[in-house]
Structure formats: structure tokens, C-alpha cells
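# Structural characterization, general
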Amino acid sequence: MGFIQGEGRTQGTLFPAVLDDLVPDDHVCRVIDAFVGRLEMNALGFERSEPAETGRPGYDPRDLLKLYLYGYLQQIRSSRRLEAECKRNVEVMWLLGRLVPDYKSIAEFRRLHREAVTEAGAELVRFARSVGLVRGEWIAIDGSKFQAVSSSRSVREREAMKRYLEQLEQSDEQDEVVIDPGAVAAALEKLNSHPEPEAHIMRVGHGHALVPAYNVQTAVDAEHALIVAQQVTTEATGNRGLLPMAEAASQAVGSPDALNVVADAGYSNGEQAERCEQRGIVPHVPANRAINNKGDGTLFDRSRFQYDEKTDTFRSPNGETLVRIQLSRRDRCVMYAAEAETCSACSLKTNCTTASRRWITRHLHEAALTRMQQRATPAAMRLRRSTVEHPFATLKYRIFGHPRFLLQGLGGAQTEIGLATMAYNLKRMKNILGSEKLAAALAC
């Protein structure tokens, strides 16, 4: 008994295969095609969305956007690899009508359309709201590091060059040294020619390796874990990102009268929490407070001291009064202390401080921090973890394949995240509704 035999390579067919027969009805390509087909490309800012009357025809930006969305869903982000897919992949042939754009045209499209890609992603979120996939009641915010293109060595050299120029400027102001103009010009040229001036050294991954990276911030709706807002920043931490991300999320879900935002302690910021509350955004974030790190770790913590709002004083565990001493605007806090003689005579001093007297700091926005801390219940923190951490894992290892950008600079990183979040949301919506139902809704 022989094996199953394939067709001969030179065998002709009377009825050639139709591309549409080779792509199943529930395939993700049909979802991508329906989504891009509904976009008003010109209004979103895509160049050449209307064909020119003269000159050589260009590629329709709709086709190139389809190609990139398909590529990111298949972990294919390189323009050269996407060109190769156009020549051999039946699914891409169906999606683009057998077009084979060269890699330069593919790469140029991604380079030129950072804002347009962001707007297209916002349009997808608006569609998700219209079909009930985004509720806009609870939003989880988090950040994660993605490695930049530049090597650690080149970024460290850039930072060293920047410090060198700053030292020269300070020395020049003090008239302490004679500066060689040629050396300064060479240093400036090297600094300005760096291909990625925004990338900073950050701790990335479980091994906390120090590499050039960007911090990607996302706001995820808790209903179906769809990403409603995203931003790439150069900030290593998120303590200045609560308000910007909360406002972006609020706008994305239709600016509701009340919106609950949950984040981890890295977003603890009293001033921004207060401003969120003024805008109808309710933050649920653990307050990141300093601890008493003096002595052997057994000294009284700040929580043992009671604040009296009427007298603007603190009361110690022994009943002594700590009065307001000074205001630190740089640290946004007020400092309180007892008299040194009072502390010296206190029977609990050995349990309280090793200094001559005990100091307590109170944040200028302490009331907002307290309210935020009270709302950060264990249930809210579980909601945060279950909502926002899965999308990052999908972005990093299911869409990117490896959490490293291909495009240089902050703008390039933002474009890549814009495409990746669109691909993630399409995949998530497909899993929830099913391909055929989603494609039909998008086509309406």
C-alpha cells in the first residue's frame, strides 16, 4: 500500500484556486479587513489616503495598515520579513490582493504615521465602547519596560558626553579652566548625532538588567481587559503618571461623571490624586510612605503619631506635642518636631529616635493620600493584577515576541506600541465575540 500522493508540480488545473476559498470565514484576516475598511483614513491623518491625479500611483495606506496589523499579530514586525510574507503567505495575498510592496515602502509607512496610528487605535476603542466591550467604570493602570534599539555602551557614552559638557559649562562660568573649542565642538557633534537621544538606562525584566529602555504605560478597562490608552515615556517610575494616564483613560471611555482608577504603589502621588478627584476620577492606589529607617528597625513608625488638623500638630505615643517647624516645597511636605528638651525627658525616647529629637513629615496633600490608601482594598488590588498584567504579557511575548523595539527614538517606540495595542485589542475582541460576529459588526 503506497503513501498519499501530492499533485505534480507541473500539473495544470482547469479551475485555479480562488484566494477567498483559501481563507476561512472565521480567520483574523477578515477581522483586520473589516476594521481597516471602516476607518476614515484621511480624517485620521494617514498620508496619501486619497490617490493623486498625476504621477505614479502609490500604495493605499489601508493596505499597509492591514499588513502591519497582520504582522504584529503573527510576531512579524520587520519590514523585510513583511515583504517576504507578501510573496509567499496566502493569507497576506488575500489581505492585500496579491500586492507586494517593497520593504522601504513598508518601513516608510510606519515611520510617517505615529499620530495616525494612535488615532486609529482610539477609533477601535470607540467601536469597542459602542458594542459594549468597554464599560468605562474601572480602569487599571500599570507600566512596564521595553528595551530600546540602542546598545548600553552607546547610551552610556552619550550620558558621559552630556555630563562632560555640563562640567565644562560650570567650569566656564567659574573661570577656572581654559576650554578647547575644538573639543567642545567634537563633543557636541557626537552628542547630537546619537540616533536615540531619549532612551535611558532602566532596570528591565526579572533579572533587573540595566539596559536602554522606555517605560510603556497602559490603561486597561476591567470589563474585558481591553487597552483604552497607552503612552511611551522616558520616566523610569510611574509616580508622575497617575494623572496623565487617568485623564487619557477617561477621555477614551467617553469622559464619564465618575471613573475608578486602580494602580500599584508606584503611582502614589498626593498632588495628582487630589487633581484626579477634582475631575471625577477616583484613584485606588496604596500610598507610598517613608518608613523610619533609623536604629535597628524597631523604632516607632510614623503611624504611631496622631495628627490634629485643628491645631496642625502631631501627638506622640507618650502624649507630647510635635509642632510645625518648616515647609519643604521641594519634597512637598511639612516637617514637625518636639522640643529637644521634651524628647530628652521622654521615657519612650529609646523606642522613638536616636537623634536629639523626633521629626515627623506630613505631605502637603496628605488628605488625598489617606483617602487613596483607604480605597486601595485587597479586592481593588486583586482587580488590578487580574486586569493589567495579562495584557503586558501578551504584548511582550505574543505580539512583540521579545520586548525590544525595532524603531529608534521615542516617536518610533510610540508607533510600535500603537500598532501592538491595536493588534492586541483586535485579538482580544475576536476571542470574546468570535471572528464572524466581530467582522460583521465592524462592517456595519
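Overview of the structure. Predicted, not measured: the structure shown is a model, and the values here were computed from it.

## Some thoughts on the overall build of the chain
Helix and strand counts for the chain stand at 17 helices and 11 strands. On C-alpha atoms alone, the chain measures out to a radius of gyration of 29 Å, which is more than a quarter above the 22 Å that the 2.2 N^0.38 rule sets for 444 residues. Once the C-alpha set of the chain is aligned to its principal axes, its extents read approximately 105 × 60 × 60 Å. At a minimum sequence separation of 6, the contacts of the chain that also span at least 24 residues come to 69%. For the chain, the exposed surface amounts to about 24100 Å²; the carbon and sulfur share of it is 48%. Here the chain contributes 57 positively and 56 negatively charged side chains, and the mean placements of these two sets differ by 5 Å.

## Some points on the layout of surface pockets
Looking at the second largest pocket, its volume works out to about 630 Å³. For the lining of the second largest pocket, the secondary-structure elements that each account for two or more residues are α8 (114-130), β4 (226-233), α11 (242-252) and α16 (409-433). Top contributing element to the lining of the second largest pocket by residue count: α8, with eight residues. For the lining of the second largest pocket, the class distribution of residues is 11 nonpolar, 14 polar and five charged.

## Details of the packing of aromatic side chains
Overall, the coordinates contain 12 aromatic pairs when judged by the stated rule. Consider the rings of Tyr-68 and Phe-109, whose centres lie 6.1 Å apart with planes at 15°: the pair is stacked. You can see Tyr-68 sitting in helix α4 (residues 61-73) and its partner Phe-109 sitting in helix α7 (residues 103-112), a full 41 residues away along the chain. The residues Tyr-68 and Phe-109 share a single accessibility class, namely buried. A network of ring pairs unites the aromatic residues Phe-46, Tyr-68, Tyr-72, Phe-109, Phe-146, Tyr-214, Phe-392, Phe-400 and Phe-405 as a single cluster. Across from the ring centre of Tyr-103, 3.9 Å away, lies the NZ or CZ of Arg-80, which sits over that ring. When the ring centre of Phe-300 is taken as origin, the NZ or CZ atom of Arg-304, which lies over that ring, is 4.3 Å away.

## Some thoughts on the nonpolar core
Counting residues in hydrophobic clusters, the biggest one holds 97 residues, and the most contacted among them are Phe-35, Leu-65, Ile-139, Ile-141, Val-228 and Met-422. Looking at this core, the element that brings in the most residues is α16, giving nine residues.

## Let's talk about helix α2 (residues 28-37)
For α2, a buried count of eight out of 10 residues is recorded, marking the element as mostly surrounded by other parts of the structure. Of all the positions in α2, only Val-28, Cys-29, Arg-30, Val-31, Ile-32, Ala-34, Phe-35 and Val-36 are classed as buried. For α2, the secondary structure elements touched by its buried residues are α1 (19-22), α4, α6 (90-96), α8, α16 and α17 (435-443).

What counts, and where the lines are drawn
Residues numbered from 1 in each chain as written. Predicted model: local features only at pLDDT ≥ 70, side-chain atom pairs only at ≥ 80, totals over all residues. Heavy atoms only, no water. Helix = DSSP H or I, 4+ residues; strand = E, 2+ residues; numbered from the N terminus. Rg over C-alpha atoms; globule rule 2.2 N^0.38 Å. Contact = heavy atoms within 4.5 Å. Areas by Shrake-Rupley, 256 points an atom, 1.4 Å probe, with all protein chains shown as cover. Lys, Arg positive; Asp, Glu negative; His and termini not counted. Charge placed at Lys NZ, Arg CZ, Asp CG, Glu CD. 1 Å grid on protein atoms, 1.4 Å probe; cavity = no way out; pocket = protein on both sides within 12 Å on 5 of 7 lines; lining within 4 Å. Points joined across faces, edges and corners; volume = space filled by probe spheres on them. Nonpolar A, V, L, I, M, F, W, Y, C, P; charged D, E, K, R; others polar. Phe/Tyr/Trp six-rings, centres within 6.5 Å; stacked < 30°, edge-to-face > 60°. Buried < 20%, exposed > 50% of the residue type's maximum accessible area, 1.4 Å probe, protein only. Lys NZ or Arg CZ within 6 Å of the ring centre and 35° of its normal. Core = buried A, V, L, I, M, F, W, Y, C linked by side-chain atoms within 4.5 Å.

So yeah, pure geometry; function would need other evidence.
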